[in-house]
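Take a look at the letters that make up each chain.
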Amino acid sequence: MRTSNRRAWVPLVVTGALLLAAGCGGDDDSGGDDAMKITYSLPTPESLLFYPPIVAEELGFFEQEGVEAEFVTAGEEIPSTALVENGDVDIAMADIDELVISHAQGGTQQVPFSPQHSNTAGTVVPEDSPIQDFSELAGQTVGLASEEDTAQVEAQLLAAGLSGDDIETIVVGTSGGLIKQTFDEGEIDAYVGARSDFTAIEATGTPLRNITPEDVQAIDGNPVAVMPETLESKRDALVGFFRAWAMGQYVGLEHPDVVEQIVRDQVPAEWRNEAVAEAALEGSIELMQPDDPERIGDVRPEVWTTAQDLLASVGIIEEKADIADILDDSLIEEINDFDRAEVDAAVEEWQQENGG
């Protein structure tokens, strides 16, 4: 049962070059009703793929932190960096390459929180494949979700010490059934795509094993971008929002069955195909496994430096940025300053009230 309905839905639309938004972010934290209000955007509509804010609201963590969290939906054509730059939202998730490119062009967004310590894309093989490592793909055929994955393949080849001449690639699309068939018929030996593509394959009853090179696999998926002036003016609200998120993320790590029960109720449309939803939730929780459980959302300069070098080497980014100008770890300790036992108790109480 929801304790309140704090997650409002505010659509953003594009009219020419003008971004129009209801409920804009960037309000001064000096007082008024907006002092502890945070507007945020995700890469998708409300989804089990980003379960922490759903769980945080359901278990009352936003309320506990005194934060009003307002979810703003946005079309795919609107860059996440533009959302925060224009003040349409306080925070938005963006790709590493998007942020590096923005900074190289004079952008000032900062990343104080990064919940996914794993890449949202990569390379997989069937679980029973004899291929154990990406380097073993030399002489093999690799299926691509689309032509756009070519640069991603190049980055992985570079990380594994291979070149484009070592493999053959063919575009096989994103249909789980079709990709399963190409595996079964021996047309491809590995597949490069996004986690959602892997989920579609696994839903056909084909278990997969991830062989993405370590340096590429470690690249953060969807770090959180915020403008420096927002980081300063709404610091307390941001800490409260991210702490509530971290508590929700912790629930997924320790109580995945409760997360499943919650998202089944809150986003029922995603459960029309049980196999796909179960695989997707498992993948989402895996993506949000932190390097250090005491530092959920940690920003990792060494990972960003390696990622930037790889992206630059294959032409995904043309100009490097100073990683120190992008990352800000000043909130991480405060964000993680919550009692895990109290979260466990809140989960148990919720289960008792909801028959879990």
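Because the structure is predicted, anything quoted here is derived from the model rather than measured. (Residues numbered from 1 in each chain as written. Predicted model: local features only at pLDDT ≥ 70, side-chain atom pairs only at ≥ 80, totals over all residues. Heavy atoms only, no water.)

A. Structural detail: the overall build of the protein. Across its full length, the protein carries 16 helices and 12 strands. Per-residue burial over the protein gives 52% buried out of 356 residues. A sequence separation of at least 24 residues applies to 82% of the contacts in the protein between residues at least 6 apart. Entry remark: accessible area of the protein is about 15,200 Å², with carbon and sulfur atoms responsible for 46%. (Helix = DSSP H or I, 4+ residues; strand = E, 2+ residues; numbered from the N terminus. Buried < 20%, exposed > 50% of the residue type's maximum accessible area, 1.4 Å probe, protein only. Contact = heavy atoms within 4.5 Å. Areas by Shrake-Rupley, 256 points an atom, 1.4 Å probe, with all protein chains shown as cover.)

B. Main features of the environment of Thr-212. Relative to the helices and strands, Thr-212 is located in the loop between strand E11 (208-210) and helix H8 (214-217). Under the relative-accessibility criterion, Thr-212 is labelled buried at 10%. Linking Thr-212 and Leu-157, residues 55 residues apart in sequence, is a C-alpha distance of 9.7 Å. At 3.4 Å, the side chain of Thr-212 and the side chain of Gln-217 are in polar contact. (Polar contact = N/O pair within 3.5 Å; in protein donor to acceptor, adjacent residues only side chain to side chain.)

C. Region of interest: unusual backbone geometry. Here the phi dihedral of Asn-222 falls at roughly 55 degrees; this positive angle occurs in a residue that is not glycine. Looking at the secondary structure, you find Asn-222 in the loop between H8 and strand E12 (224-226).

D. Up close: the packing of aromatic side chains. By the definition in use, this model includes nine aromatic pairs. Between Phe-113 and Phe-242, the ring centres sit 4.7 Å apart and the planes meet at 20 degrees, which makes this aromatic pair stacked. Note that Phe-113 is positioned in strand E6 (residues 110-113) and Phe-242 in helix H10 (residues 235-254), a separation of 129 residues in sequence. With a centroid separation of 5.6 Å and 75 degrees between ring planes, the pair formed by Phe-241 and Phe-242 is classed as edge-to-face. What makes Phe-241 buried here is its relative accessible area of 1%. Of the residues examined, Phe-242 reaches a relative accessible area of 0% and is grouped as buried. Here the aromatic cluster, defined as three or more aromatic residues joined through ring pairs, consists of Tyr-40, Phe-62, Phe-71, Phe-113, Phe-241, Phe-242 and Trp-245. Here the basic side chain of Arg-340 rests over the ring of Phe-338, its NZ or CZ set 3.8 Å away from the ring centre. (Phe/Tyr/Trp six-rings, centres within 6.5 Å; stacked < 30°, edge-to-face > 60°. Lys NZ or Arg CZ within 6 Å of the ring centre and 35° of its normal.)

E. Highlighting the sheet that holds strand E10 (residues 190-194). Ordered in space as E9-E8-E10-E7-E11, the five strands form an open sheet in which the pairing is mixed. Every other strand in the sheet has two partners, leaving strand E9 (168-171) and E11 as the edge strands with one partner each. For this sheet, the mean angle separating the axes of adjacent strands, direction not counted, is 35 degrees. For strand E8 (residues 141-144) and E9, the ladder comprises four bridges, and the chain directions are parallel. When the bridges of E9 are listed, Thr-141 appears paired with Glu-168. (Pairing = 2+ DSSP bridges. Axes fitted to C-alpha atoms, helices over the stretch in contact; angles between N-to-C directions.)

F. Fine view of a negative patch on the surface. On the surface, a cluster of negative charge is contributed by Glu-127, Asp-128, Glu-202 and Glu-282. Structurally, Asp-128 is set in the loop between strand E7 (121-126) and E8. By relative accessible area, which is 69% here, Asp-128 ends up exposed. (Patch = residues over 30% accessible without salt bridge, like charges linked within 9 Å, V, L, I, M, F, W, Y side chains within 5 Å. Salt bridge = Lys/Arg side-chain N within 4 Å of Asp/Glu carboxyl O. Lys, Arg positive; Asp, Glu negative; His and termini not counted. Charge placed at Lys NZ, Arg CZ, Asp CG, Glu CD.)

G. Focus on the pattern of salt bridges. Across all of its chains, the model carries 13 salt bridges by this definition. Two residues, Arg-235 and Glu-334, come together in a salt bridge whose shortest N-O distance is 2.5 Å. Residue Arg-235 is found in helix H10, and its partner Glu-334 is found in helix H15 (residues 332-335); the two are separated by 99 residues along the sequence. Taking the relative accessible area as the measure of exposure, Arg-235 reaches 28% and is therefore partly exposed. What emerges from the salt-bridge pattern is a single network uniting Glu-260, Arg-264, Glu-274 and Glu-278.

H. Molecular detail of helix H11 (residues 256-266). For H11, every residue scored as buried is listed here: Val-258, Val-259, Ile-262, Val-263 and Gln-266. Taken end-on, H11 shows its buried residues confined to a sector of 125 degrees, consistent with a single buried face. Summarising the contacts, the buried residues of H11 are in contact with helix H1 (51-58), H10, helix H12 (274-287) and helix H16 (340-354). (Arc of directions from axis to C-beta.)

I. View of the confidence of the model for the protein. With 88% of its residues at a pLDDT of 70 or more, the protein shows a mean pLDDT of 88. Considering only residues more than four positions removed or in separate chains, one finds that residues 1-32, a stretch of pLDDT under 50, has 90 contacts. (pLDDT = per-residue confidence, 0-100.)

J. Quick look at the packing of H10 against H16. Running from amino to carboxyl end, H10 crosses H16 at an angle of 70 degrees, the nearest separation of the two axes being 10 Å. Comparing the axis directions of H10 and H16 gives the class roughly perpendicular. Along this stretch, H10 crosses H16, giving a crossing that reads as right-handed. Each of Met-247, Tyr-250 and Val-251 in H10 lies in contact with H16, whose residues at this interface are Arg-340, Val-343, Asp-344 and Val-347. Tallied by class, the residues present in the contact of H10 with H16 amount to five nonpolar, no polar and two charged. (Parallel < 35°, antiparallel > 145°, perpendicular 65-115°, else oblique. Left-handed = near helix turned anticlockwise from the far one by under 90°. Nonpolar A, V, L, I, M, F, W, Y, C, P; charged D, E, K, R; others polar.)

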